[in-house]
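Commentary on secondary and tertiary structure
Listed here are the chains, written in short residue letters.
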Amino acid sequence: MTSNEAALRALMLAGLDGDAIAHRTLLDRLSRHLRAYYKGRLARIGRSASEAEDLVQETLIAVHIQRHTYDPAELLTPWVHAIARYKLIDHLRRTRASLADVPIDDAAEAITAHDDHIAAESAYDLQRLMNRLPRKMQLAIQYVKLDGLSVAEAASRCGMSESAVKVNVHRGLRALAASIAQEKST
C-alpha cells in the first residue's frame, strides 16, 4: 500500500467514524487527484478541460453519498477510481460523445448505441450471453453492473452476502468475456 493510499484510506475511515474534518480533508485531496485524472482523460479525446471541474464535483458528491458502501477491508483508490470512471462514461453519454471518443480502457464499460437497431441487437446479444450464466451470477451482474445498485443493495435483493455478490459479478464477467472470445474465434 502506498503512503498516499494509506493516508487517503485513514481519512476515509476517520470520516466514516464521524470525523467531519477528516472527511473534508479527504474530499479536498481527492479533488486534486480527480481533477488531474479528468483533465488527462478529456484532453486525450479532444474535449475541454473545463468539463473536468463538473466531473470532479459529481464524483465527490458520489463519494460522499456512497461512502457507506466502501468496504474498509479494501483499498480506497480503486473504489474511488471506479466511481470516477463511471462518472466519466456517464458524462460522455450525456454529452453525446461517440463511442470512438471513449478511451480504449473505458470502451468495455461504455455501452452506447448509435441507433435503435444496434441497441436492440446489443440488448439481445447481452441477454443471450447472460442466459448462459447461473441465475445468481445473472442477478449480481444485472443489479450491480447494469442497474447501478451498490453491492449492499444487490446483496439484499439477491439474498446473498456482499462477498458472494462481488464474487458472482467477477466470475460472471469473466465467463461473459470468455463466451464473447469463443464466439469471435468461431
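Structure's up top.
Attention in this report is confined to the structure presented alongside it. Since the model is a prediction, treat every value here as computed from it, not as a measurement.

This next bit is on the nonpolar core. Counting residues in hydrophobic clusters, the biggest one holds 26 residues, and the most contacted among them are Leu30, Leu34, Tyr38, Leu76 and Trp79. For this core, the secondary-structure elements that each account for two or more residues are helix 1 (3–16), helix 2 (20–44), helix 3 (50–66) and helix 4 (76–94). Looking at which element gives the most residues to this core, the answer is helix 2, with eight residues. Ignoring any residue separated from it by four or fewer positions in sequence, one finds Trp79 in contact with Met12, Val63, Gln66, Arg67, Thr69 and Tyr70. Counting residues in hydrophobic clusters, the runner-up holds 11 residues, among them Val144, Leu149, Ala154 and Val169.

This part takes up the environment of Ala22. Structurally, Ala22 can be placed in helix 2. When the C-alpha positions of Ala22 and Ala10 are compared, they lie 8.6 Å apart, and in sequence the two are 12 residues distant. When neighbours within four sequence positions are excluded, Ala22 is seen to be in contact with Leu11, Ala14 and Gly15.

The next point concerns helix 4. Since one α-helical turn is 3.6 residues long, residues separated by three or four positions face the same way. The end-to-end C-alpha separation of helix 4 is 27 Å, in line with the 27 Å expected for 19 residues at 1.5 Å each. Within helix 4, burial applies to Leu76, Trp79, Val80, Ile83, Ala84, Arg85, Leu88, Ile89, His91 and Leu92.

Turning our eyes to something else, we now look at the pattern of salt bridges. Enumeration according to the criterion identifies five salt bridges in this entry. A salt bridge links Glu53 to Arg35; the nearest nitrogen and oxygen atoms lie 2.7 Å apart. On the criterion of sequence distance, the pair formed by Glu53 in helix 3 and Arg35 in helix 2 is long-range, its members being 18 residues apart. Residue Glu53 is classed as partly exposed on the basis of its relative accessible area of 33%.

Within this structure, the stated rule accounts for two aromatic pairs. Note that Arg85 overlies the ring of Tyr86, its terminal NZ or CZ placed 5.5 Å from the centroid.

Examined against the element boundaries, Met137 turns out to sit in helix 7 (residues 135–146). Taking the relative accessible area as the measure of exposure, Met137 reaches 14% and is therefore buried. If near-sequence neighbours (up to four positions away) are discounted, Met137 is found in contact with Asn168, Arg171 and Gly172.

What counts and what doesn't
Residue positions within a chain follow its written sequence, with the count starting from 1. In keeping with the predicted nature of the model, local features appear solely for residues at pLDDT of at least 70, side-chain atom pairs appear and are counted solely at 80 or more, and the whole-chain, interface and lining totals rest on all residues. The side-chain figures draw on all heavy atoms in the structure; neither hydrogens nor water molecules are used. Residue types Ala, Val, Leu, Ile, Met, Phe, Trp, Tyr and Cys, when buried and joined through side-chain atoms within 4.5 Å, form a set referred to as a nonpolar core. The buried label goes to any residue with under 20% of its type's maximum accessible area, the exposed label to any with over 50%, and the partly exposed label to all in between, with areas taken from a 1.4 Å probe on protein chains only. A helix here means a DSSP run of H or I that spans at least four residues, while a strand means a run of E at least two residues long, and both kinds are numbered starting from the N terminus. The criterion used for residue contact is that any of the two residues' heavy atoms lie within 4.5 Å. What a helix should span is 1.5 Å times the count of its residues minus one. Just to be clear on terms, a salt bridge is a Lys or Arg side-chain nitrogen sitting within 4 Å of an Asp or Glu carboxyl oxygen. The rule is short: rings of Phe, Tyr and Trp, with Trp giving its six-membered ring, pair when the centres are within 6.5 Å, and they are stacked under 30 degrees, edge-to-face over 60, tilted in between. Charge-over-ring placement is defined geometrically: NZ (Lys) or CZ (Arg) within 6 Å of the ring centre, and within 35 degrees of the ring normal.

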